[in-house]
Amino acid sequence: MEIVPSSSRFKLYDQFELLEFPDMYVVKPVESPHEGFSVDRRDGNIKPLDENTCSGNASKVSTIYGVGGTIRLLAGTYLLVITSREEMGTFLGFPIFRVAAMKFLPCNEAMRFATSQEKKDETYFRTLLQSLESTPGLYFSYETDLTVNLQRRCKLAEGWTRKPIWKQADPRFVWNWHLLEELIECKLKNSPAVISLISRRCTRRLGTRMWRRGANLEGDVANFVESEQIVEINGFKFSLLQVRGSIPLLWEQIVDLSYKPRVKINKHEDTPKVVQRHFHDLCQRYGEIMAVDLTDQHGDEGELSKAYATEMERLPNVRYVSFDFHNICGTTNFDNLGVLYEQIGDEFEKQGYFLVDADENILEEQKGVIRSNCIDCLDRTNVTQNYMAQKSLNLQLQRIGVFDSTECVSTFEDDYTKFRTIWAEQGDEISLQYAGTYALKGDLVRYGKQTVFGAIKDGMSAMSRYYLNNFQDGVRQASFSYKIRVEDALDLISGRYTVGTNSPSQLQPIGSQPSFLPVASALLIGGVTVTSFTIHQAGRNTQQYLASALWAGVTAGVAAMIKANGRHLCSRPRLCHLI
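Residues numbered from 1 in each chain as written. Predicted model: local features only at pLDDT ≥ 70, side-chain atom pairs only at ≥ 80, totals over all residues. Heavy atoms only, no water.

The name an unreviewed UniProt entry assigns to the protein chain is SAC domain-containing protein, from the organism Thlaspi arvense.

1. Things to note about the overall build of the protein chain
Each helix and strand in the protein chain was counted, giving 16 helices and 23 strands. Out of the 579 residues belonging to the protein chain, those deemed buried represent 46%. In the protein chain, 65% of the contacts between residues at least 6 apart in sequence involve partners at least 24 apart. Approximately 29700 Å² of the protein chain is accessible, and the part contributed by carbon and sulfur atoms is 54%. (Helix = DSSP H or I, 4+ residues; strand = E, 2+ residues; numbered from the N terminus. Buried < 20%, exposed > 50% of the residue type's maximum accessible area, 1.4 Å probe, protein only. Contact = heavy atoms within 4.5 Å. Areas by Shrake-Rupley, 256 points an atom, 1.4 Å probe, with all protein chains shown as cover.)

2. Overview of the sheet that holds strand 4 (residues 24-29)
An order of 6-5-4-3-7 is seen for the 5 strands of this open sheet, with the pairing classed as antiparallel. Each end of this open sheet is capped by a strand with a single partner; those strands are strand 6 (46-48) and strand 7 (60-64). The sheet shows a mean angle of 20° between the axes of neighbouring strands, taken without regard to direction. Where strand 5 (residues 37-40) and strand 6 come together, 3 bridges link them in antiparallel fashion. Following the sheet pairing, Ser 38 is matched in strand 6 by Lys 47. (Pairing = 2+ DSSP bridges. Axes fitted to C-alpha atoms, helices over the stretch in contact; angles between N-to-C directions.)

3. Considering the packing of helix 9 (residues 379-399) against helix 10 (residues 413-434)
Contact geometry for helix 9 and helix 10: axes closest at 10 Å, N-to-C directions at 145°. Crossing geometry of helix 9 relative to helix 10 is assigned as right-handed. Of the residues in helix 10, those in contact with Asn 382, Gln 385, Asn 386, Ala 389, Gln 390 and Leu 393 of helix 9 are Tyr 416, Phe 419, Arg 420, Trp 423, Gln 426 and Gly 427. Here the residues of the contact of helix 9 with helix 10 are counted per class, giving 5 nonpolar, 6 polar and 1 charged. (Left-handed = near helix turned anticlockwise from the far one by under 90°. Nonpolar A, V, L, I, M, F, W, Y, C, P; charged D, E, K, R; others polar.)

4. Concerning the sheet that holds strand 11 (residues 139-140)
With antiparallel pairing, 4 strands are arranged side by side in an open sheet as 8-9-10-11. Strand pairing shows two members of the sheet lacking a second neighbour, strand 8 (67-72) and strand 11, which therefore form its edges. Docked against the sheet, helix 1 (residues 116-133) engages strand 8, strand 9 (77-91) and strand 10 (94-107), running at close to 160° with respect to strand 10.

5. Brief notes about a nonpolar patch on the surface
On the surface, Leu 74, Tyr 124, Phe 125 and Leu 128 cluster together to form a nonpolar patch covering roughly 390 Å² of accessible area. Within the element layout of this structure, Leu 128 appears in helix 1. A residue is classified by how much of its surface remains accessible, and Leu 128, at 40% relative accessible area, is partly exposed. (Patch = residues over 30% accessible without salt bridge, like charges linked within 9 Å, V, L, I, M, F, W, Y side chains within 5 Å. Salt bridge = Lys/Arg side-chain N within 4 Å of Asp/Glu carboxyl O.)

6. A look at helix 10
For helix 10, with 22 residues, the first-to-last C-alpha span of 32 Å sits near the 32 Å given by 1.5 Å per residue. Among all positions of helix 10, only Tyr 416, Phe 419, Arg 420, Trp 423, Ala 424, Gln 426, Gly 427, Asp 428, Ile 430, Ser 431 and Tyr 434 are buried. (Expected span 1.5 Å × (residues − 1).)

7. Comments concerning the side chain of Ser 305
Examined against the element boundaries, Ser 305 turns out to sit in helix 6 (residues 299-312). Judged by its relative accessible area of 1%, Ser 305 falls in the buried class. In terms of polar contacts, Ser 305 uses its side chain to reach the side chain of Tyr 320, at 3.5 Å. Residues within four places of Ser 305 in sequence aside, it is in contact with Asp 293, Thr 295, Asp 296, Gln 297, Tyr 320 and Ser 322. (Polar contact = N/O pair within 3.5 Å; in protein donor to acceptor, adjacent residues only side chain to side chain.)

8. Quick look at the nonpolar core
When a protein is soluble and globular, its nonpolar side chains tend to lie buried together. By size, the foremost hydrophobic cluster in this structure holds 36 residues, and its most contacted members are Phe 238, Leu 337 and Ile 344. Contributions of two or more residues to this core are made by strand 13 (225-233), strand 14 (236-244), strand 17 (288-293), helix 7 (325-329), helix 8 (337-351), helix 9 and helix 10. Counting residues per element, this core draws most heavily on helix 9, which supplies 6 residues. Those residues in contact with Phe 238, other than ones at most four positions away along the chain, are Gln 229, Ile 230, Val 231, Ile 233, Tyr 353, Phe 354, Leu 355, Gln 396 and Ile 400. In terms of nonpolar packing, the next biggest core, distinct from the first, is built from 24 residues, Phe 224, Val 243, Val 275 and Leu 304 among them. (Core = buried A, V, L, I, M, F, W, Y, C linked by side-chain atoms within 4.5 Å.)

9. A few points about the packing of aromatic side chains
With the rule as written, the count across this model stands at 9 aromatic pairs. Here Tyr 308 and Tyr 320 contribute two aromatic rings whose centre-to-centre distance is 5.1 Å and whose plane-to-plane angle is 75°, an arrangement assigned as edge-to-face. Of the two residues, Tyr 308 sits in helix 6 while Tyr 320 sits in strand 18 (residues 319-322), which places them 12 residues apart along the sequence. Centre to centre, the rings of Tyr 341 and Tyr 387 are 6.3 Å apart; their planes meet at 70°, and the pair counts as edge-to-face. Remark: Tyr 387 occurs in helix 9 and Tyr 341 occurs in helix 8; sequence separation between them is 46 residues. (Phe/Tyr/Trp six-rings, centres within 6.5 Å; stacked < 30°, edge-to-face > 60°.)

10. Side note on the confidence of the model for the protein chain
Looking at the protein chain as a whole, its pLDDT mean stands at 77, while 67% of the residues score no less than 70. The low-confidence segment residues 1-9 (pLDDT under 50) makes 31 contacts with residues lying over four places distant or belonging to another chain. Counting interchain partners and residues more than four positions distant, the pLDDT-below-50 stretch residues 472-487 has 39 contacts. (pLDDT = per-residue confidence, 0-100.)

11. A word on the environment of Gly 345
Structurally, the position occupied by Gly 345 is in helix 8. Put simply, Gly 345 and Met 388 are 43 residues apart on the chain and 8.9 Å apart in space, counted from C-alpha to C-alpha.

12. Some words on the pattern of salt bridges
Throughout the structure, instances matching the rule amount to 15 salt bridges. A salt bridge links Arg 98 to Glu 86, with the shortest nitrogen-to-oxygen separation between them at 2.4 Å. Here Glu 86 lies in strand 9 and Arg 98 lies in strand 10, a separation of 12 residues in the sequence. With its nearest N and O atoms 2.5 Å apart, the salt bridge here joins Glu 364 to Arg 399. Of this pair, Glu 364 sits in strand 20 (residues 362-364) while Arg 399 sits in helix 9; the two residues are 35 residues apart in sequence, bridging distant segments of the chain. We classify Arg 399 as partly exposed; its relative accessible area is 23%. Bridged by salt links that share partners, the residues Arg 200, Glu 226 and Glu 228 form one connected network.

Written out as structure tokens, the structure reads:
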């Protein structure tokens with residue numbers, strides 16, 4: 001039986017067409033013929049209707065008034081249909097019907113392969129089913145639940161009566177509960193669902209990866225993104241919000257040609273106020289906030305995390321959770337995020353999600369959000385937010401009966417692949433805007449583990465990040481051969497920098513800026529080449545040995561000069577200050 005919404009309640013279809021084909025039975029609601037299902041007469045397999053299901057002419061067409069379910073015996077499946085009904089009265093204003101006649105339709109072509117004993121047993125079970133066909137005293141309703149007494153019905157939580165009737169029912173009093181299980185499973189597992197994922201990037205502290213870190217004095221943070229996962233299924237709409245943002249301290253990590261520049265925490269008397277302003281704004285917008293810090297607990301990240309934790313102790317209304325992602329999950333153990341979920345799962349589930357029904361009645365509201373961060377708020381954050389979104393999706397589908405308490409989206413391979421893909425692609429898009437490359441650890445989101453191809457891709461992305469951060473970050477070649485820094489462009493379009501005719505110019509033609517990097521690079525490469533050549537020849541005489549030492553010294557000096565002046569050799573924005 002198909003379930004459809006009817007204003008504030010659910011109503012079952014009350015009349016069906018039964019079409020009998022040589023290879024299958026087709027059941028179609030008279031009111032909505034496209035929402036029926038078919039049952040294979042060979043093995044009892046149930047499928048929703050599609051365009052090709054009803055090709056050809058049925059050998060018999062009849063009217064039935066309901067489907068009681070299916071039962072599997074030794075040789076196959078039997079489909080129970082209600083062939084006659086009788087209206088007996090009303091209950092709370094809804095008509096009540098008695099089953100006047102039923103019929104079990106066999107789907108057991110495998111019977112011919114059964115042994116003689118199996119055929120004998122099947123015959124006995126068949127007689128039991130035939131006796132059930134004439135059993136008196138079986139009642140049902142298309143519009144209300146007969147299994148719940150009035151007192152309990154009146155005390156049920158808001159929104160309960162908007163659930164499907166089978167979900168409201170007390171199974172102790174449903175005479176065909178066991179027979180309905182396979183039909184309900186088929187119906188729900190084939191319910192069309194639409195999952196949308198939208199991420200909104202805040203414009204208050206726009207910028208690229210190395211040139212926008214931490215917070216400004218107003219409490220706005222770099223790479224702040226609000227991500228919303230929307231699920232539409234069976235007339236319901238779910239929404240889950242998560243946010244990410246740079247650690248809300250005053251800190252920077254200026255590029256200097258090293259692979260991983262040092263993190264510098266700026267000591268400022270207003271730092272506590274900056275943190276307070278940031279979380280006050282979040283609480284005003286989202287409710288309860290749980291801050292999940294995914295940074296390493298050693299090195300520069302550890303120092304930054306420690307400073308963050310110290311400031312969070314001043315905010316008793318915000319829960320701070322430190323989770324060393326790299327130490328616990330590494331690069332392959334995505335499932336180890338379960339350790340984090342054990343710490344925050346209860347609070348996460350209490351925060352809930354937003355839920356409306358088909359009539360836009362609000363059934364539940366999200367009471368808070370998780371604010372995740374790593375050092376860039378990209379790769380580790382993507383993996384973690386995907387994990388939390390997956391947990392929430394399972395709870396949502398269990399809420400409306402699509403899943404039972406033991407099921408989860410990961411058990412359905414095709415759907416799970418699609419779900420992970422949209423989260424991985426979202427991570428790539430955010431990373432492209434902030435870092436200029438695809439996200440690292442994308443395999444953990446897509447496949448739950450690191451692959452060889454993914455490791456190679458991550459290595460290439462890491463090298464690209466290094467080059468972009470140091471030499472190209474935000475640089476774009478325009479058609480008129482004038483270089484515009486994207487960092488400056490973002491400052492310009494976001495209003496952080498305004499153009500004034502009476503203000504002193506912040507610009508100079510790019511060509512007039514001296515660049516020592518090409519000369520230094522040429523000297524370094526030339527020095528290494530000549531040193532290698534002279535070392536190869538050094539065994540012949542002392543003069544060549546001294547030449548080798550000289551060129552090695554020049555090369556080392558150039559390398560030291562590049563390292564010492566790395567910041568001056570890198571591309572940097574000119575319109576606005578970092579904080």
